[in-house]
Amino acid sequence: MRTIFKIAVCVLTISAYGQQADSFSFVGNAFDQQWSPKTIKVEGQGVGMSNAINAGMFNDFVFRTGFTPAYKDHFVNGTQNKVNIYSLNNADAEYKLDSNWGLYLNSQTSSAYTGNKEISDLLFFGNAPFLDQSVSTENLKFIRYSGVSIGATHKINVSEKAGAKVLIGLRTLFDYRAVSIADLSLYTSPTGAYVDAETSELHATEESITILKGIGLDLGFDVNYVLDAKNSLAINVRDVNLTRLLNYTSLQFDTSLRFTGIGYDIIADTNSLENFVDSVYVPIVQNARKESKWTSLPSRINLKWNHRLSEDNVLSVGVQTVNFGSLGVMGTVGLDHTFSDRFRLRSTLGYGNFSGVLWTEAAEYRLGNYNVFAGITGLHLALAPKMAGSYGVSIGAAKQF
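Quantities reported herein were computed from a predicted structural model and do not represent experimental measurements.

So, how was this worked out
- Each chain has its residues counted from 1, following the order in which its sequence is written.
- Given that the model is predicted, a residue must reach a pLDDT of at least 70 before its local features are reported, and side-chain atom pairs must reach 80 or more before they are shown or counted; all residues, however, enter totals for whole chains, interfaces and linings.
- With hydrogens and water excluded, all non-hydrogen atoms of the structure serve as input to the side-chain values.
- To sort residues, take the accessible area from a 1.4 Å probe on protein chains only and compare it with the maximum for the residue type: under 20% means buried, over 50% means exposed, and anything in between is partly exposed.
- Numbering goes from the N terminus for both helices and strands, where a helix is a DSSP run of H or I of at least four residues and a strand is a run of E of at least two.
- The contact rule is simple, with two residues in contact once any of their heavy atoms fall within 4.5 Å.
- Grid spacing is 1 Å over the protein atoms alone, the probe is 1.4 Å, and a cavity is where that probe fits but cannot get out, while a pocket is an open set with protein on both sides within 12 Å along at least five of seven lines and lining residues have an atom within 4 Å of a point.
- Grid points are joined across faces, edges and corners, and a volume is the space filled by probe spheres set on the points.
- At least two DSSP bridges between two strands are required for those strands to pair.

Visitor: How would you summarise helix 5 (residues 117-125) if you had to cite specific residues and measurements?
Guide: The set of residues buried in helix 5 consists of Lys-117, Ile-119, Ser-120, Asp-121 and Leu-122. Its buried side turned inward, helix 5 meets helix 4 (69-76), strand 2 (82-96), strand 3 (101-116), strand 4 (133-156) and strand 5 (162-188).

Encoded structure:
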């Protein structure tokens, strides 16, 4: 009888911990754990990250018409083998309809690039420094898109230890551009009069003339599992999708081309490729066009282990990936400190192959039934603007009972 009583107490303790919802919606789990009808949460974030582009160049791109020479030179003289860049502007809103269902709205703009250092220098700053030279890269990738998703959220009580939230919606695209090249080599003539390009497995979309670029399914889910009274696991998946492109074509070829001018940028434009290649190669370009019907945009996966150090402190270790790692893998260690039932601070350190060094401070404050949230990424870059890394801001507000 005593053994049964102990087991019952243990189960109730674990269940209480698993279902416990604190008062924080952003640096906590209150919004989904409580799932109270007629509550709402709105959040926005903007982040830019790179292993090679320094913070000074990011600021120049946003606020200036050109790059500051010192920041540009620091990048050009860098020793990285690969240049990785990723940016995301994201706005989310969710409204709980009842105790199990909700509605969500998401607006997203994102871009990503990866290529080796020399080819990146040429694409960013022109080929004047590469006269009578060849530069090459493997697995060059570029993607840019923006769109809006709208759909439903649903709460699932899996067990006493586990809970889940599912998102299913419709995604509409208003901008889409993608380039991938398995192998690319560019030779610039001694006078710069022409550029010879050799490509292997080149796929590059051409701009659609319609306002609506695509439409498709948008999926996501959160799963939380309580291991014991101090440890829990969480997985968050967003942007799982299959999108039907509208009126899109793409260039697909393995060939050699000669460009008669040096003003062409394959990352920004393929529709006018015939205007830049030697006339001999125009039929090759025309025959390389094929209809593009389907695409899958990059998904995001976040795995996290939480360990309660004390009543006021929770340690977390996480791994985040974009597009299953092809557009970024990042590891983080964070500490949540609760100053009171109204104020909590989260400090996070991390590193990734696209993000570089990551330092984020985020805080949430509760005012009655309202929660406000703000976070800053890349605080260290204000002191070291020549250092590559991530920087961004996030803000949010929620109303709950």
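Structure shown, so let's carry the discussion forward.
Visitor: So what about the layout of surface pockets? Which residues, and what values?
Guide: In this approach, a probe sized like a water molecule rolls over the atoms, and the result shows the empty space that is left. Of the voids in this model, the second largest pocket is the one considered here, and its volume is about 910 Å³. For the second largest pocket, the lining is made up of 31 residues, of which Phe-58, Phe-61, Ile-85, Ser-111 and Phe-124 are closest to its centre. Broken down by secondary-structure element, the contributors of at least two residues to the lining of the second largest pocket are strand 1 (40-54), helix 3 (55-63), strand 2, strand 3, helix 5, strand 4 and strand 17 (388-399).

Visitor: Kindly report on the pairing of strand 8 (residues 231-253), identifying the contributing residues and their values.
Guide: Bridge analysis of strand 6 (residues 195-206) against strand 8 gives five bridges, and the strand direction is antiparallel. The residue of strand 8 that forms the bridge with Leu-202 is Phe-253. Where strand 7 (residues 214-226) meets strand 8, 12 bridges bridge the pair, whose relative direction is antiparallel. Within strand 8, the residue paired with Val-226 across the bridge is Ser-232. Counting the residues that bridge the hairpin from strand 7 to strand 8 gives four residues. In this structure, strand 8 lies alongside strand 11 (residues 300-308), joined through eight bridges in antiparallel fashion.

Visitor: Quick one: what's the story with unusual backbone geometry, residue by residue and with numbers?
Guide: The phi torsion of most residues other than glycine is negative, and most of the peptide bonds are trans. In this model, Trp-35 sits at a positive phi of 45 degrees, which is unusual for a non-glycine residue. By the element assignment, Trp-35 lies in the loop between helix 2 (30-34) and strand 1. Residue classification places Trp-35 among the buried positions, given a relative accessible area of 2%. Despite not being glycine, Phe-324 shows a phi value in the positive range, around 55 degrees. Relative to the elements of secondary structure, Phe-324 occurs in the loop between strand 12 (313-322) and strand 13 (329-338). For Phe-324, a relative accessible area of 67% corresponds to the exposed category.

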